[in-house]
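Summary of structural features
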Amino acid sequence: MQSLSQFLTERGVDPQLQPLLQALAQCGVEISQLVRRGALAGVLGATETENVQGETQKKLDVIANDLIKQRLAAEPSVKAMASEEEDHTVDAHADGHYLVSFDPLDGSSNIDINSLVGTIFSVLPASDRKGEAAFMQPGINQVAACYVLYGPATVLALTTGEGTSLFSLDPDTGEFLLVEDAMTIPAETNEFAINASNQRFWQPAMQSYIADLLAGDTGPRGKNFNMRWIAAMVGDVHRVLCRGGIFTYPTDTKNPAKPYKLRLMYEANPMAMLVEQAGGSASTGYERILTLQPEAIHQRVAVILGSRDEVAACLGYHSQA
Ligand code: FDP
């Protein structure tokens, strides 16, 4: 089986990018060891601090964030970092070629119930701009996107803009080995993922779309749909990459000050790139996610992604509205 390092070399990935991608994978290996030891490693439970977004930080959020920051600070190609758990961008090497945004532990509310969590990375080219301004590039500029999912097996999904590939961690050697190249999301699906408890807060377009899915073969869609919700974007997107589906965290009015849930820079953009590179689509309902011009590192957006035809069907409800 091909190791990640062999894969990067054989694919001719930019030699400057290769050590950075290896460093991201290594972060995944180390976080996976902590996740696997759980309570035995003393990493479960909450801290007494909140992040910049007002969310209580879990111990593992903080540990994973510190681990990634430390490892990337040692990587000469990294110019600066942006993390869900950091108020501001963090500078690394002034002559570095890349900017890395990350969600150290996506799905934090799953940590204490021994359910799926993961780490998401987005890599942008560095520019002459400084601080937060340097990161204000649309997702189409990403040179790589990847996530590591800490499930029964630890897997890493990676794109450098030439398809999406899946690697599985060999726990005996600590190496990621290629298990699926050129992942392909089926264009059609009968599976959807949404937090249905927010139903009364959705816009009319999303209300009608989901109502028609629920009506199954008695409704206008003429077929039955199944629902899955892992409550960690990384787990839901992984399912979509493996067998298709539509995943959405739409606009809602639950908290008028916060109409969107997911973060553009380190959740929506990298996942949109991975999904598009596997033949799927990713939209806000009105615009392609990857062409959005960011305005802040912790900016939030609506997300509708997955199987191409199903995303198109959902967008049809939005354009009619
Ligand atoms: P979490 O806050 O647990 O880290 O990133 C946000 C996220 O997880 C997503 O992974 C997940 O899809 C969503 O929030 C779940 O939030 P709700 O339970 O509020 O729907």
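Cut-offs applied
- Residues numbered from 1 in each chain as written.
- Predicted model: local features only at pLDDT ≥ 70, side-chain atom pairs only at ≥ 80, totals over all residues.
- Heavy atoms only, no water.
- UniProt positions renumbered as here; feature names shortened; annotations may be inferred.
- Domains from an automatic or database assignment.
- Buried area = accessible area lost by both parts, 1.4 Å probe.
- Salt bridge = Lys/Arg side-chain N within 4 Å of Asp/Glu carboxyl O.
- Polar contact = N/O pair within 3.5 Å; in protein donor to acceptor, adjacent residues only side chain to side chain.
- Helix = DSSP H or I, 4+ residues; strand = E, 2+ residues; numbered from the N terminus.
- Nonpolar A, V, L, I, M, F, W, Y, C, P; charged D, E, K, R; others polar.
- Pairing = 2+ DSSP bridges.
- Contact = heavy atoms within 4.5 Å.
- Axes fitted to C-alpha atoms, helices over the stretch in contact; angles between N-to-C directions.
- Buried < 20%, exposed > 50% of the residue type's maximum accessible area, 1.4 Å probe, protein only.
- Core = buried A, V, L, I, M, F, W, Y, C linked by side-chain atoms within 4.5 Å.

Naming follows an unreviewed UniProt entry, where the protein appears as Fructose-1,6-bisphosphatase class 1 of Ferrimonas gelatinilytica. Taken verbatim from the UniProt record of the protein, the Pathway (unreviewed entry) comment is "Carbohydrate biosynthesis." In its Catalytic activity (unreviewed entry) section, UniProt records this for the protein: "beta-D-fructose 1,6-bisphosphate + H2O = beta-D-fructose 6-phosphate + phosphate".

Some words on the domain arrangement of the protein
Looking at the protein, the domain boundaries give domain 1 (4-180) and domain 2 (191-320). Each of domain 1 and domain 2 has a C-alpha centre, and the two are 23 Å apart. Taking both sides of the interface into account, the surface hidden between domain 1 and domain 2 amounts to around 2,900 Å²; carbon and sulfur atoms contribute 64%. Considering only the side of domain 1, the residues that lose the most area to domain 2 are Ile-120, Met-136 and Tyr-147, jointly responsible for 20% of the buried surface there. Taken together, the connections running from domain 1 to domain 2 amount to three salt bridges. Applying the counting rule to domain 1 against domain 2 returns 16 residue pairs in polar contact (both at pLDDT 80 or more). When contributions to the side of domain 1 that touches domain 2 are tallied by element, the ones reaching two or more residues are strand 3 (78-83), strand 5 (98-106), strand 6 (117-125), strand 7 (144-150), strand 8 (154-159) and strand 9 (164-170). Grouping the amino acids of the side of domain 1 that touches domain 2 by side-chain chemistry returns 23 nonpolar, 18 polar and eight charged.

Some words on the sheet that holds strand 3
By definition, the strands of a sheet pair up through backbone hydrogen bonds, in either a parallel or an antiparallel sense. Strand order in this open sheet of eight strands is 4-3-5-6-7-8-9-10, and the pairing throughout is mixed. Single-partner strands in this sheet number two, and they are strand 4 (90-91) and strand 10 (175-180). Relative to strand 10, strand 9 runs antiparallel, the two sharing five bridges. Within strand 10, the residue paired with Leu-169 across the bridge is Phe-176. The strands touched by helix 3 (residues 59-73) within the sheet are strand 3, strand 4, strand 5 and strand 6, with strand 5 carrying the most contacts at an inclination of about 160 degrees.

Things to note about the UniProt feature "binding site: Mg(2+) 2" (unreviewed entry) in the protein
The UniProt entry lists Asp-103, Asp-106 and Glu-267 under the feature "binding site: Mg(2+) 2" (unreviewed entry), expressed in the numbering used here. Of the residues just listed, which span 165 residues, no C-alpha pair is farther apart than 8.5 Å, and they cluster in one region. Assignment of secondary structure puts Asp-103 in strand 5. The exposure class of Asp-103 is buried, given its relative accessible area of 1%. Residues in contact with Asp-103, not counting those within four places in the same chain, are Glu-84, Gly-118, Thr-119, Ile-120, Tyr-266 and Glu-267. Among the residues examined, Glu-267 registers a relative accessible area of 2% and is labelled buried. Leaving out residues up to four positions away in the same chain, Glu-267 has contacts with Asp-103, Asp-106, Ile-120, Met-233 and Leu-262. Within the structure, the side chain of Glu-267 is placed 2.7 Å from the backbone nitrogen of Arg-263, a separation counted as a polar contact.

Details of the UniProt feature "binding site: substrate" (unreviewed entry) in the protein
Cross-referencing UniProt, the feature "binding site: substrate" (unreviewed entry) maps to Asp-106, Gly-107, Ser-108, Ser-109, Asn-195 and Lys-261 in the present numbering. Mapped onto the secondary structure, Gly-107 falls in the loop between strand 5 and strand 6. For Gly-107, a relative accessible area of 11% corresponds to the buried category. Look past the residues within four positions of Gly-107 in its chain and what remains in contact with it is Leu-116, Val-117, Ala-231 and Ala-232. Once you skip the residues sitting within four places of it in the chain, Ser-109 turns out to touch Lys-58 and Ala-231.

Comments concerning the nonpolar core
Grouped together as the largest cluster of nonpolar side chains are 45 residues, with contacts concentrated most on Phe-135, Tyr-147, Met-233, Phe-247, Met-271, Val-303 and Leu-305. Put simply, the parts of the chain that give this core at least two residues each are strand 3, strand 6, strand 7, strand 8, helix 6 (233-243), strand 13 (246-249), helix 7 (264-276) and strand 17 (303-306). Taken domain by domain, the makeup of this core includes at least three residues from each of domain 1 (4-180) and domain 2 (191-320). Apart from residues no more than four positions distant in its own chain, Phe-135 is found in contact with Ala-80, Met-81, Ala-82, Thr-89, Leu-99, Val-100, Ser-101, Leu-124, Met-265, Pro-294 and Ile-297. With 39 residues, the next largest nonpolar core counts Leu-8, Val-148, Leu-158 and Leu-169 among its residues.

With respect to the pattern of salt bridges
The full count for this structure, using the stated rule, is 13 salt bridges. Between Lys-58 and Asp-112 there is a salt bridge, with its nearest N and O atoms 3.2 Å apart. With Lys-58 in strand 2 (residues 56-58) and Asp-112 in the loop between strand 5 and strand 6, this pair connects stretches of sequence that are 54 residues apart. Using a relative accessible area of 37% as the deciding quantity, one classes Asp-112 as partly exposed. Residues Arg-263 and Glu-84 are paired through a salt bridge, measuring 3.0 Å at the closest nitrogen-oxygen approach. You can see Arg-263 sitting in strand 14 (residues 262-263) and its partner Glu-84 sitting in the loop between strand 3 and strand 4, a full 179 residues away along the chain. Glu-84 sits in the buried class, given a relative accessible area of 4%.

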